[in-house]
Amino acid sequence: MSLIIKNLNKNFKEHKVLNNISIELKKGEITGLLGVNGAGKSTLIRILAGYYDNWDGEITLNGIDFKTELKKVQKITGYLPENNPLYKEMYVKEYLKFIISLYKVKVESFSEIIEQTGLKNVLNKKIKILSKGFKQRVGIASSIIHNPKLLLMDEPLSGLDPVQLNEVRNLIKELSKNKIILFSSHILQEIDLLCDKIIIINKGEIILNKYKSKLKKPLDIIFNEVVN
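Per chain, the residues get numbers from 1 upward, laid out in the order the sequence is written. For this predicted model, a pLDDT threshold of at least 70 governs which residues receive local features, and a threshold of 80 or more governs which side-chain atom pairs are given and counted, while totals over whole chains, interfaces and linings are taken from all residues. As a rule here, side-chain values come from all non-hydrogen atoms in the structure, and water together with hydrogens is ignored.

Considering unusual backbone geometry
Link 1 in the chain: In the Ramachandran plot, Asn-7 falls in the positive-phi region, its phi being about 50° despite a non-glycine side chain.
Link 2 in the chain: Along the chain, Asn-7 falls in strand β1 (residues 2-12).
Link 3 in the chain: Positive phi values are uncommon outside glycine, yet Asn-20 reaches one of about 55°.
Link 4 in the chain: Working definition: helices are DSSP H or I runs of at least four residues, strands are E runs of at least two. Numbering for both runs from the N terminus. Following the sequence through the fold, Asn-20 ends up in strand β2 (residues 15-26).
Link 5 in the chain: Categorising residues by exposure relies on relative accessible area from a 1.4 Å probe, with only protein chains included: less than 20% of the type maximum marks a residue as buried, more than 50% marks it as exposed, and the intermediate range marks it as partly exposed. Judged by relative accessible area, which is 45%, Asn-20 ranks as partly exposed.

The structure is reproduced here in C-alpha coordinates:
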(Lines give C-alpha, C1' and ligand atoms only; values in the text may rest on other atoms or scores of the structure.)
Protein backbone atom coordinates (compact mmCIF):
# COMPACT_ATOMS: atom_id res chain seq x y z
CA MET A 1 0.00 0.00 0.00
CA SER A 2 1.40 3.39 -0.93
CA LEU A 3 0.61 7.06 -1.43
CA ILE A 4 2.16 8.41 -4.62
CA ILE A 5 2.41 12.14 -5.37
CA LYS A 6 3.74 13.23 -8.77
CA ASN A 7 4.47 16.78 -9.91
CA LEU A 8 2.10 18.43 -7.45
CA ASN A 9 1.69 22.20 -7.80
CA LYS A 10 -0.53 24.55 -5.81
CA ASN A 11 -1.03 28.32 -6.18
CA PHE A 12 -2.94 30.81 -4.11
CA LYS A 13 -3.71 33.44 -6.75
CA GLU A 14 -0.28 34.51 -8.03
CA HIS A 15 1.65 32.95 -5.16
CA LYS A 16 3.08 29.45 -5.73
CA VAL A 17 2.84 27.51 -2.47
CA LEU A 18 3.89 24.06 -3.69
CA ASN A 19 6.25 23.57 -6.61
CA ASN A 20 6.57 20.23 -8.41
CA ILE A 21 6.26 17.97 -5.36
CA SER A 22 6.91 14.25 -5.98
CA ILE A 23 7.10 11.75 -3.10
CA GLU A 24 6.07 8.19 -2.25
CA LEU A 25 4.94 7.06 1.21
CA LYS A 26 4.54 3.44 2.26
CA LYS A 27 2.58 1.41 4.79
CA GLY A 28 4.40 0.75 8.04
CA GLU A 29 6.49 3.92 7.84
CA ILE A 30 6.27 7.24 9.65
CA THR A 31 7.24 10.09 7.38
CA GLY A 32 8.06 13.44 8.91
CA LEU A 33 7.42 16.63 6.96
CA LEU A 34 9.82 19.24 8.30
CA GLY A 35 10.04 22.93 7.48
CA VAL A 36 9.84 26.42 8.88
CA ASN A 37 6.46 28.11 9.24
CA GLY A 38 5.09 28.97 5.81
CA ALA A 39 7.17 26.35 3.98
CA GLY A 40 4.09 24.58 2.57
CA LYS A 41 3.68 21.73 5.07
CA SER A 42 0.07 22.41 6.03
CA THR A 43 -0.96 23.10 2.44
CA LEU A 44 0.35 19.71 1.34
CA ILE A 45 -1.44 17.93 4.18
CA ARG A 46 -4.70 19.78 3.49
CA ILE A 47 -4.55 18.75 -0.16
CA LEU A 48 -4.12 15.12 0.91
CA ALA A 49 -7.04 15.52 3.35
CA GLY A 50 -9.24 16.78 0.50
CA TYR A 51 -9.57 20.38 1.70
CA TYR A 52 -8.27 21.81 -1.57
CA ASP A 53 -9.21 20.50 -5.00
CA ASN A 54 -7.73 23.20 -7.25
CA TRP A 55 -4.21 21.80 -7.62
CA ASP A 56 -2.22 20.37 -10.51
CA GLY A 57 -0.43 17.05 -10.62
CA GLU A 58 -1.24 13.45 -9.77
CA ILE A 59 -1.99 11.82 -6.40
CA THR A 60 -3.04 8.21 -5.82
CA LEU A 61 -3.62 6.24 -2.62
CA ASN A 62 -3.36 2.51 -3.19
CA GLY A 63 -4.24 3.18 -6.84
CA ILE A 64 -7.25 5.40 -6.04
CA ASP A 65 -7.07 8.74 -7.85
CA PHE A 66 -7.54 11.91 -5.78
CA LYS A 67 -8.94 13.87 -8.72
CA THR A 68 -11.65 11.45 -9.74
CA GLU A 69 -12.38 9.45 -6.56
CA LEU A 70 -11.77 11.88 -3.71
CA LYS A 71 -14.72 10.68 -1.61
CA LYS A 72 -13.41 7.12 -1.77
CA VAL A 73 -9.97 8.38 -0.71
CA GLN A 74 -11.43 10.34 2.23
CA LYS A 75 -13.17 7.23 3.54
CA ILE A 76 -9.76 5.61 4.08
CA THR A 77 -7.95 8.75 5.27
CA GLY A 78 -7.68 10.08 8.81
CA TYR A 79 -6.77 13.70 9.49
CA LEU A 80 -5.65 15.42 12.69
CA PRO A 81 -5.39 19.17 11.97
CA GLU A 82 -3.05 21.48 13.83
CA ASN A 83 -5.86 23.21 15.70
CA ASN A 84 -7.82 20.17 16.80
CA PRO A 85 -11.51 21.17 16.22
CA LEU A 86 -13.15 19.37 19.13
CA TYR A 87 -16.69 20.05 20.37
CA LYS A 88 -15.61 20.88 23.90
CA GLU A 89 -19.08 20.82 25.46
CA MET A 90 -19.52 17.18 24.47
CA TYR A 91 -18.48 14.21 26.55
CA VAL A 92 -15.62 12.16 25.11
CA LYS A 93 -17.75 9.09 24.38
CA GLU A 94 -20.53 11.26 22.93
CA TYR A 95 -18.09 13.05 20.63
CA LEU A 96 -16.51 9.85 19.33
CA LYS A 97 -19.92 8.31 18.65
CA PHE A 98 -20.79 11.50 16.76
CA ILE A 99 -17.65 11.13 14.62
CA ILE A 100 -18.62 7.52 13.86
CA SER A 101 -22.04 8.70 12.66
CA LEU A 102 -20.38 11.18 10.28
CA TYR A 103 -18.33 8.44 8.62
CA LYS A 104 -21.43 6.25 8.37
CA VAL A 105 -19.47 3.11 9.11
CA LYS A 106 -19.86 0.28 11.58
CA VAL A 107 -16.98 0.40 14.05
CA GLU A 108 -16.32 -2.99 15.58
CA SER A 109 -13.10 -1.98 17.31
CA PHE A 110 -14.39 0.96 19.39
CA SER A 111 -13.20 -0.49 22.71
CA GLU A 112 -9.83 -1.33 21.16
CA ILE A 113 -9.38 2.26 19.94
CA ILE A 114 -10.30 3.57 23.39
CA GLU A 115 -7.74 1.26 24.96
CA GLN A 116 -5.11 2.13 22.36
CA THR A 117 -5.52 5.89 22.82
CA GLY A 118 -5.73 5.69 26.63
CA LEU A 119 -9.18 7.28 26.89
CA LYS A 120 -10.93 4.65 29.03
CA ASN A 121 -10.91 6.72 32.20
CA VAL A 122 -12.14 9.95 30.57
CA LEU A 123 -14.96 8.63 28.37
CA ASN A 124 -17.61 10.21 30.59
CA LYS A 125 -15.84 13.54 31.03
CA LYS A 126 -16.47 16.70 29.05
CA ILE A 127 -13.75 17.47 26.54
CA LYS A 128 -13.35 21.03 27.85
CA ILE A 129 -11.98 19.85 31.20
CA LEU A 130 -9.34 17.55 29.71
CA SER A 131 -5.63 18.35 29.61
CA LYS A 132 -3.95 19.25 26.34
CA GLY A 133 -2.55 15.73 26.11
CA PHE A 134 -5.93 14.06 26.52
CA LYS A 135 -7.55 16.44 24.04
CA GLN A 136 -4.86 15.41 21.58
CA ARG A 137 -5.66 11.76 22.29
CA VAL A 138 -9.34 12.44 21.59
CA GLY A 139 -8.33 14.03 18.28
CA ILE A 140 -6.20 11.03 17.37
CA ALA A 141 -9.01 8.63 18.32
CA SER A 142 -11.44 10.54 16.10
CA SER A 143 -8.96 10.42 13.21
CA ILE A 144 -8.53 6.62 13.40
CA ILE A 145 -12.07 5.62 14.43
CA HIS A 146 -12.84 4.42 10.87
CA ASN A 147 -9.54 2.49 10.56
CA PRO A 148 -7.96 4.64 7.82
CA LYS A 149 -5.16 3.44 5.57
CA LEU A 150 -3.59 6.92 5.49
CA LEU A 151 -3.17 9.04 8.63
CA LEU A 152 -2.29 12.73 8.27
CA MET A 153 -1.18 14.64 11.37
CA ASP A 154 -0.42 18.37 11.34
CA GLU A 155 1.77 19.37 14.33
CA PRO A 156 0.41 16.53 16.53
CA LEU A 157 2.97 17.10 19.31
CA SER A 158 2.60 20.86 19.64
CA GLY A 159 2.03 22.12 23.18
CA LEU A 160 2.44 18.81 24.99
CA ASP A 161 4.45 18.44 28.19
CA PRO A 162 7.33 15.88 28.33
CA VAL A 163 5.17 13.04 29.69
CA GLN A 164 2.42 13.69 27.14
CA LEU A 165 5.01 13.91 24.35
CA ASN A 166 6.35 10.47 25.17
CA GLU A 167 2.86 8.95 25.39
CA VAL A 168 1.71 10.40 22.05
CA ARG A 169 5.00 9.45 20.36
CA ASN A 170 4.49 5.84 21.46
CA LEU A 171 0.89 5.93 20.25
CA ILE A 172 1.93 7.16 16.79
CA LYS A 173 4.57 4.41 16.59
CA GLU A 174 1.94 1.80 17.44
CA LEU A 175 -0.47 3.17 14.83
CA SER A 176 2.20 3.11 12.11
CA LYS A 177 2.33 -0.69 12.02
CA ASN A 178 -0.53 -0.97 9.53
CA LYS A 179 -0.93 2.57 8.20
CA ILE A 180 0.80 5.16 6.09
CA ILE A 181 1.56 8.04 8.46
CA LEU A 182 2.58 11.55 7.40
CA PHE A 183 3.02 14.12 10.11
CA SER A 184 4.27 17.67 9.85
CA SER A 185 6.25 19.62 12.39
CA HIS A 186 8.56 22.58 12.67
CA ILE A 187 10.18 20.87 15.70
CA LEU A 188 13.28 19.16 14.35
CA GLN A 189 13.87 17.00 17.43
CA GLU A 190 10.43 15.37 17.18
CA ILE A 191 10.91 14.49 13.52
CA ASP A 192 14.32 13.02 14.35
CA LEU A 193 12.99 10.92 17.24
CA LEU A 194 9.88 9.55 15.59
CA CYS A 195 10.28 9.20 11.84
CA ASP A 196 11.58 6.53 9.49
CA LYS A 197 11.68 8.89 6.52
CA ILE A 198 12.32 12.63 6.57
CA ILE A 199 11.12 15.16 4.02
CA ILE A 200 12.28 18.75 4.28
CA ILE A 201 10.20 21.31 2.44
CA ASN A 202 11.30 24.92 1.95
CA LYS A 203 9.49 27.64 0.01
CA GLY A 204 7.18 25.04 -1.47
CA GLU A 205 9.89 22.70 -2.76
CA ILE A 206 11.18 19.35 -1.53
CA ILE A 207 14.87 19.76 -0.74
CA LEU A 208 15.41 16.50 1.15
CA ASN A 209 13.59 13.16 0.88
CA LYS A 210 15.52 10.36 2.59
CA TYR A 211 15.24 7.59 5.11
CA LYS A 212 16.76 8.67 8.41
CA SER A 213 19.11 5.69 8.30
CA LYS A 214 20.61 7.06 5.07
CA LEU A 215 21.48 10.50 6.44
CA LYS A 216 25.21 11.07 6.64
CA LYS A 217 25.01 14.02 9.05
CA PRO A 218 22.87 14.88 12.09
CA LEU A 219 19.47 16.20 11.04
CA ASP A 220 19.95 19.61 12.66
CA ILE A 221 23.11 20.22 10.61
CA ILE A 222 21.42 19.09 7.40
CA PHE A 223 18.40 21.27 8.07
CA ASN A 224 20.50 24.38 8.65
CA GLU A 225 22.50 23.68 5.49
CA VAL A 226 19.55 23.22 3.16
CA VAL A 227 17.18 25.84 4.58
CA ASN A 228 19.57 28.73 5.21
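Observations concerning the side chain of His-146
Link 1 in the chain: In this structure, His-146 sits in the loop between α5 (132-144) and β7 (150-154).
Link 2 in the chain: Here His-146 falls in the buried class, since its relative accessible area comes to 10%.
Link 3 in the chain: In the analysis that follows, any N or O atom pair within 3.5 Å is treated as a polar contact, provided that within protein one partner can donate a hydrogen and the other can accept it, and provided that, for residues neighboring in sequence, both atoms belong to side chains. Side-chain polar atoms of His-146 contact the backbone oxygen of Thr-77, separated by 2.8 Å.

Describing the environment of Glu-112
Link 1 in the chain: The residue Glu-112 is located in helix α4 (residues 110-117) in this model.
Link 2 in the chain: Note on Glu-112: relative accessible area 52%, which makes it exposed.
Link 3 in the chain: Sequence separation of Glu-112 and Phe-134 is 22 residues, and the distance between their C-alpha atoms is 17 Å.

Focus: the packing of aromatic side chains
Link 1 in the chain: Stacked, edge-to-face and tilted labels apply to pairs of Phe, Tyr and Trp rings (six-membered ring for Trp) whose centres lie within 6.5 Å, assigned for plane angles under 30 degrees, over 60, and everything in between, in that order. If you walk through the whole model with that rule in mind, you get four aromatic pairs.
Link 2 in the chain: Measuring from centroid to centroid gives 5.3 Å for Tyr-51 and Tyr-79, while their planes differ by 75°, and the two rings are edge-to-face. Residue Tyr-51 is located in the loop between α1 (41-48) and β4 (56-61), and its partner Tyr-79 is located in strand β6 (residues 77-80); the two are separated by 28 residues in the primary sequence.
Link 3 in the chain: Tyr-79 sits in the buried class, given a relative accessible area of 17%.
Link 4 in the chain: Seen in terms of ring centroids, Tyr-87 and Phe-98 are 5.7 Å apart; in terms of plane orientation they differ by 85°. Their pairing is edge-to-face. One end of the pair, Tyr-87, is in the loop between β6 and α3 (92-103); the other, Phe-98, is in helix α3, and 11 residues separate them in sequence.
Link 5 in the chain: Aromatic rings pair up to connect Tyr-87, Tyr-95 and Phe-98 into one cluster.
Link 6 in the chain: A cation over an aromatic ring shows up here: Lys-97 above the ring of Phe-110, its NZ or CZ 4.3 Å from the ring centre. Counted as over-ring charges are cases with an Arg CZ or a Lys NZ within 6 Å of the ring centre that also lie within 35 degrees of the ring normal.

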